[in-house]
Each structure stands twice: as structure tokens, then as C-alpha cells.
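# Analysis of the macromolecular model
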Amino acid sequence: MTQENETRKHPKLVAIEQVSKGWINKYVLTYEKDNDETFTYESVSRKNLEDYTEQLERNAAGLPPEPDAVCIYPILPNDSILLIREFRYPLNAWCVALPAGLIDEGESLEETINRELMEETGCRLRTDLEGPAYQLLPQSGFSSTGMGEENVQVAIAYVEKAGEPQLGENELIETFELSRDEIGRFLDTNTSPIGTRCQLLLEASRRLQVLRKRLALAQNPLTKNDFA
């Protein structure tokens, strides 16, 4: 257990009940507080009861999780960002997002990145670079901590076109690209639903582009209007 978890008190998980099965499973977690009172909390997971229990125990012990999925920030050879619009059934709407998907059993992260890129966009990791064509963020993150424990590894990937997308039967995905200079205007005018990771990474790219321009012009200091 990490020192942080040792010193920070929290309720004790005493029971996990699976109340429904499906592609996503629903659970009821029972916690015990310091005063011996209990309370329940509803959660969901793609994991079965055994694997879900094991993951929650690992989290409590401060052990790093194994990513369940990857999210890819694809950069094309012309330095524009490759995005998707996907019809998301839980939203009943098209959503602006980044290519992403679950890691299949036995797959490496690189294999998952390449497979998801090819399936959703018809692209692959570039083959003309001397070093790796992708960089992982130092730590994987959780998708929705108020609902479940799905863990996602974000990868910044340098990609190239390799063919046509290979969509599943019920997948509806369109691709589009944004140049670095178009990102700010897109974020300010977009009204379609957008994935949070996509939104944050695009905002980071917008701000980096502003910094690059200001440094090139030797203009300082920055003001809030620079990011408008």
C-alpha cells in the first residue's frame, strides 16, 4: 500500500453484489464507515465479479491498474490532428471524439493502437520514423470515477493513411482533420457533443500553438485574450 493510501482514511469496502449482467455489468458496493454505519453505492463495469473485485482490491492497495482501453491522439504527416465523429448509442447523437477502443486479451498497447486506428480511420502508425511512432502519457487514467473503474491509456500517435476504415456492423464513424490553426475556432464554435479527453487534448494543442506563435514573435507577457 502506498504511503498516501496509508495516511488518508476512507470507508472500508465490505461487500460487492452483482445485480445485472451484460456487456456492462451493474454492481452494488457496500461500504462501512468509521462509526460502523454502512452505505451502498451503485457502479458499473465490463469486468465480471471476480475480476472487478480484484481490481478494486488493487486500487485500494495503491497498485497501478492495467489499462482496459486506449485513446489515441493521432497526428498526420502534415501535422494536423485526425478526429472522428461517431454515432454514440448511449447519447443518441453524433459525438466528436478521438479513436479509441478496448484492449483485446493478449494484445500489446502498440497492437491495439494500430488495430483501432485501422478499424476506425484507415490509418496506422507511421513506418518512416526512426524511433517509436507513439508516446504514452506517463499514467493511465480512469474514464468516469463516479460510475466505474474503466482505465484508459492515452497515446499521442504519429499516423499515416493505410487504407479504408474497417468498421463493425453497427459502427457509424466519419473522420475529419483539423490543422493546428483551426483548433481554437473549432472549439469555440462546435455545438456537437464532444468527448472530454478529446476536448482537453485539443485545448492543450490550442494553447501550445499560441505559445509557439508568441515565442516566435518575441511577444510577452501572455494575456487571457491570447487563448480566446
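Provided above is the structure to which this section pertains.
Residues numbered from 1 in each chain as written. Predicted model: local features only at pLDDT ≥ 70, side-chain atom pairs only at ≥ 80, totals over all residues. Heavy atoms only, no water.

## With respect to unusual backbone geometry
The backbone of Asp36 shows a phi angle near 75 degrees, a positive value even though the residue is not glycine. When you line up the elements, Asp36 lands in the loop between strand S2 (25–32) and strand S3 (38–45). The class of Asp36 is exposed, set by a relative accessible area of 60%. Even without a glycine there, the phi angle at Asp79 is positive, about 75 degrees. Structurally, Asp79 is set in the loop between strand S4 (69–75) and strand S5 (81–88). Judged by its relative accessible area of 34%, Asp79 falls in the partly exposed class. (Helix = DSSP H or I, 4+ residues; strand = E, 2+ residues; numbered from the N terminus. Buried < 20%, exposed > 50% of the residue type's maximum accessible area, 1.4 Å probe, protein only.)

## Looking at the state of the cysteines
What the rule picks out here adds up to zero disulfides. Cys198 provides the cysteine sulfur closest to Cys95, a residue in no disulfide bond, and the two sulfurs are 7.8 Å apart. (Disulfide = S-S within 2.5 Å.)

## Observations concerning helix H3 (residues 109–121)
Its 13 residues give H3 an end-to-end C-alpha distance of 18 Å, which sits within 8% of 18 Å, the value for a rise of 1.5 Å per residue. Phi turns positive, to about 75 degrees, at Gly122, one or two residues after H3. (Expected span 1.5 Å × (residues − 1).)

## Section: the sheet that holds S2
Two modes of strand pairing occur in sheets, parallel and antiparallel, and in both the strands are linked by backbone hydrogen bonds. Ordered by their spatial adjacency, three strands build an open sheet running S1-S2-S3, and the pairing between neighbours is antiparallel. Taken across any chain shown, the strands that pair with only one partner, and hence form the sheet edges, are strand S1 (12–20) and S3. Taking each pair of neighbouring strands and ignoring which way they run, the sheet shows an average axis angle of 25 degrees. Bridging between S2 and S3 involves eight bridges; their strand directions are antiparallel. Counted as the bridge partner of Thr30 is Thr40 from S3. Here helix H2 (residues 49–60) sits on the sheet and contacts S1, S2 and S3; the angle it forms with S1, its principal contact strand, is near 155 degrees. (Pairing = 2+ DSSP bridges. Axes fitted to C-alpha atoms, helices over the stretch in contact; angles between N-to-C directions. Contact = heavy atoms within 4.5 Å.)

## Notes on H2
When the terminal C-alpha atoms of H2 are compared, their 17 Å separation across 12 residues agrees well with the 16 Å that a helix rising 1.5 Å per residue should span. Regarding H2, the residues found buried are Tyr52, Gln55 and Leu56. When H2 is viewed along its axis, its buried side chains cluster within an angular range of 100 degrees and face the same direction. Seen from the buried face of H2, the exposed residues on the opposite side, beyond 90 degrees, are Glu50 and Glu57. Those residues of H2 hidden inside the fold are in contact with S1, S2 and S3. The backbone nitrogen of Glu50 lies 3.3 Å from a side-chain oxygen of the residue at the head of H2, namely Asn48. Backbone geometry just downstream of H2 places Gly62 in the positive-phi region, at approximately 75 degrees. (Arc of directions from axis to C-beta. Polar contact = N/O pair within 3.5 Å; in protein donor to acceptor, adjacent residues only side chain to side chain.)

## Considering a negative patch on the surface
On the surface, a cluster of negative charge is contributed by Glu50, Asp51, Glu54 and Glu57. Within the fold, Asp51 resides in helix H2. The class for Asp51 is partly exposed, based on a relative accessible area of 36%. (Patch = residues over 30% accessible without salt bridge, like charges linked within 9 Å, V, L, I, M, F, W, Y side chains within 5 Å. Areas by Shrake-Rupley, 256 points an atom, 1.4 Å probe, with all protein chains shown as cover. Salt bridge = Lys/Arg side-chain N within 4 Å of Asp/Glu carboxyl O. Lys, Arg positive; Asp, Glu negative; His and termini not counted. Charge placed at Lys NZ, Arg CZ, Asp CG, Glu CD.)

Function cannot be inferred from these measures alone, as they are strictly geometric.
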